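Geometric and topological summary
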Amino acid sequence: MRYFLLLIFIFTVKIASTQELSSSQKAQISELMQDAQEAESDKNTTKAADKYTEIATIYSNVSLSKAEEYYNEAFRLSKTSYEKMSLKNLIGSLYENKKHYAEAAKLYQEALVYAKETENEEKYVLNTYKSIGDMFQKAKQYRTAISYYLEGLKICIKYKNKKTASDILRHISNCYLQNGENQSASKCSGLMDETLEKINQEIFGKQSNPENRAELSNLRFVISKIGDENKGLKDSLLSQINDIEQLQNQTRSLSDTLNSQQRALSLVQKNLSDKSEQLTKVETYLQQRNFALTAAIAIISIITLLAILTLRGYFIQRKQNKLLAEQKKIINLKNEDMTASIRYAERIQKALFMPITDFNRIFPESFIIFKPRDIVSGDFYWFGELDDKIIVVAADCTGHGIPGAFMSVLGITYFDEIVNKSKILQTDTIVNLLRNSIIKGFHVSDQTVQAKDGMDLSLIVLEKKTMKLQYTGAYNPLLIIRQGEVLIFKADRMPVGFHDKYTNPFTKTEIDVQKDDVVYLFSDGYLDQFGGLHGKKFLFKRLQEVLQKIYHKPMEDQKEIIENAFKQWQGKYEQVDDVLLMGFRI
């Protein structure tokens, strides 16, 4: 429906050949582009196609090429034949309004193919045939227009769509007239015979009405334009019209007779109804004699039954309330035991985490924001010092709560083995070995199960003497702010775990850092939080803007500002994921 509304809008607006976009239109297009790209990233192709269609609608008044470009973007994302048909019709209408009839005809033909795939011949195929006929009539290609009108007329007759058939016949009559009186009658006699046959079929079996008579009048006018050199053909066609009119008159006569008989039948039925009403009154009088006794017996029976049911319901309810109280007590005890176990798991998990005071010792200007969604967390951080190098990890395990916490314990264990025991200090090698350990640790051959187990992360190794920083990321990017300039380093688009690209090695980015550079590592929990006025995600762009405004402030002040921004954005919404954000100044 949305595409047909846009199609009507395009037809009613005159497309300007040279016109500039207003500032508000440019802003609207920019916003729509951002929404479309976000929708594509979220794999919401329907929303993205809608946004591209809105952009094309704006350009339809300014630039034919731009409008077609964005309609084609919407077409690329379209899934159903209905959507593809609608978009082809929209693009065709643009060319038709610019009088590029050849291009418009090609696009309408493509739309016709998709219309036939919708399996709604009466609605979409019929409308498309009629639109093509209208376009060729506008282009003064009358014979071609008539051929498409006749295809539409066949569908009208098939589905008995008399209203549209009448409209198509008027267009056919106009095409004959606009084609000129000197056209050879023999060349169009085939089309005329076919049109007469369709009207003849439409009239047989139906009551004559003013619309039929109007169509016959139109055809009689068209036939009168045939020259006298084809008088025999002309007389033959007029004879058919006379036969059809005679049939209409006979139909009207039969209808009048039937109406008279129906009126007589109605009088008989009224008399029978009056007799039946009198009989009903007699039966009612007889029934009322025993009504009082019957009513009294029924009332006593109902009162007795209600008393029994009420008493029975009271005892059942009392028994159920007692049972519910016992079940509630059992559930509360189990919940207390479960909560106590999870609280103990929280203490174990926190014991595995390195103290934040050690992180502040390594980086005097630093902070760590760690907010589990549940009691325990699937996000974790890890850091260490080895051979004058500092290793920092911000990781996000699959899931949250207890499943995520188990994965975080494995992650911390693997980092201890790879870095502290094996002395590996190359970020890409560390992540590749971590992935191998995770895949081997689960011993699962089913790829659909393995794909659920893993983590996303940002990993850096900083050598302070040389001011060299290595970075490897799995989905999570690295953000550095240097004197107000934001530097973004993208991660590899795969998780640390089983994946269709699990044989591809992770890559390493080497960065020359400077004194007073501020480095930020984070999971996706902050970015994915719903909130604000419209309940949307916080997203990376908004976090980047917050950090760019506060990077020069003391790190403790930054932590407070970032936490307050998160609470203000979250508002009434629940926290959707674990949140981890680390920052330090070099």
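Anyway, here's the lowdown on the structure attached to this text. (Residues numbered from 1 in each chain as written. Predicted model: local features only at pLDDT ≥ 70, side-chain atom pairs only at ≥ 80, totals over all residues. Heavy atoms only, no water.)

**Focus: the packing of helix H15 (residues 401–421) against helix H16 (residues 427–442)**
Where H15 meets H16, the closest approach of the two axes is 10 Å, and the angle between their N-to-C directions is 130°. The angle between H15 and H16 places the two elements in the oblique class. As H15 runs across H16, the sense of the crossing is right-handed. Judged by residue contacts, Met407, Leu410, Tyr414, Phe415, Ile418 and Val419 of H15 engage Ile430, Leu433, Leu434, Ser437, Ile438, Gly441 and Phe442 from H16. Taken together, the residues of the contact of H15 with H16 sort by class into eleven nonpolar, two polar and no charged. (Axes fitted to C-alpha atoms, helices over the stretch in contact; angles between N-to-C directions. Helix = DSSP H or I, 4+ residues; strand = E, 2+ residues; numbered from the N terminus. Parallel < 35°, antiparallel > 145°, perpendicular 65-115°, else oblique. Left-handed = near helix turned anticlockwise from the far one by under 90°. Contact = heavy atoms within 4.5 Å. Nonpolar A, V, L, I, M, F, W, Y, C, P; charged D, E, K, R; others polar.)

**Describing the packing of helix H2 (residues 23–41) against helix H3 (residues 45–59)**
Where H2 meets H3, the closest approach of the two axes is 8 Å, and the angle between their N-to-C directions is 160°. The angle between H2 and H3 falls in the class roughly antiparallel. The hand of the H2/H3 crossing is left-handed. Here Gln25, Gln28, Ile29, Leu32, Met33, Asp35, Ala36, Ala39 and Glu40 of H2 come into contact with H3, specifically with Lys47, Ala48, Lys51, Tyr52, Glu54, Ile55, Ile58 and Tyr59. For the contact of H2 with H3, the residue count by class is ten nonpolar, two polar and five charged.

**So, the pairing of strand S13 (residues 579–585)**
For S13, the tally of buried residues reaches seven of seven residues, placing the bulk of the element in the interior. Covered by surrounding structure in S13 are Val579, Leu581, Gly583 and Arg585 together with Leu580, Met582 and Phe584, the residues of both alternating faces. Examined bridge by bridge, strand S1 (residues 366–371) and S13 share six bridges and lie antiparallel to one another. Within S13, the position partnered with Ile369 by the bridge is Leu581. Here strand S10 (residues 518–522) pairs with S13 via five bridges, running antiparallel. Across the sheet, Val518 pairs through a bridge with Arg585, a residue of S13. (Buried < 20%, exposed > 50% of the residue type's maximum accessible area, 1.4 Å probe, protein only. Pairing = 2+ DSSP bridges.)

**Considerations on the nonpolar core**
Core analysis: the biggest nonpolar cluster contains 60 residues, and Leu153 and Ile172 have the highest contact counts within it. Here the element with the most residues in this core is helix H8 (residues 142–159); it accounts for ten residues. Among the nonpolar cores identified, the runner-up in size contains 53 residues, and Phe359, Phe363, Phe383 and Ala394 belong to it. (Core = buried A, V, L, I, M, F, W, Y, C linked by side-chain atoms within 4.5 Å.)

**Some details on a positive patch on the surface**
Among the surface-exposed residues, Lys47, Lys536, Lys541 and Arg542 lie close enough to one another that they form a single positively charged patch. Tracing the chain through its elements places Lys536 in strand S12 (residues 536–537). (Patch = residues over 30% accessible without salt bridge, like charges linked within 9 Å, V, L, I, M, F, W, Y side chains within 5 Å. Areas by Shrake-Rupley, 256 points an atom, 1.4 Å probe, with all protein chains shown as cover. Salt bridge = Lys/Arg side-chain N within 4 Å of Asp/Glu carboxyl O. Lys, Arg positive; Asp, Glu negative; His and termini not counted. Charge placed at Lys NZ, Arg CZ, Asp CG, Glu CD.)

**Focus on the packing of aromatic side chains**
One pass over the full model with this rule turns up 22 aromatic pairs. With a centroid separation of 6.0 Å and an interplanar angle of 85°, the aromatic rings of Phe370 and Tyr381 are classed as edge-to-face. Taken as a pair, Phe370 in strand S1 and Tyr381 in strand S2 (residues 379–386) lie far apart in primary sequence, eleven residues in all. Owing to a relative accessible area of 5%, Tyr381 belongs among the buried residues under this scheme. Between the aromatic rings of Phe522 and Phe540, the centroid separation amounts to 6.1 Å while the plane-to-plane angle is 35°, which identifies the pairing as tilted. Of this pair, Phe522 sits in strand S10 while Phe540 sits in helix H18 (residues 539–550), and the two are 18 residues apart along the sequence. (Phe/Tyr/Trp six-rings, centres within 6.5 Å; stacked < 30°, edge-to-face > 60°.)

None of this, on its own, says anything about what the molecule does.
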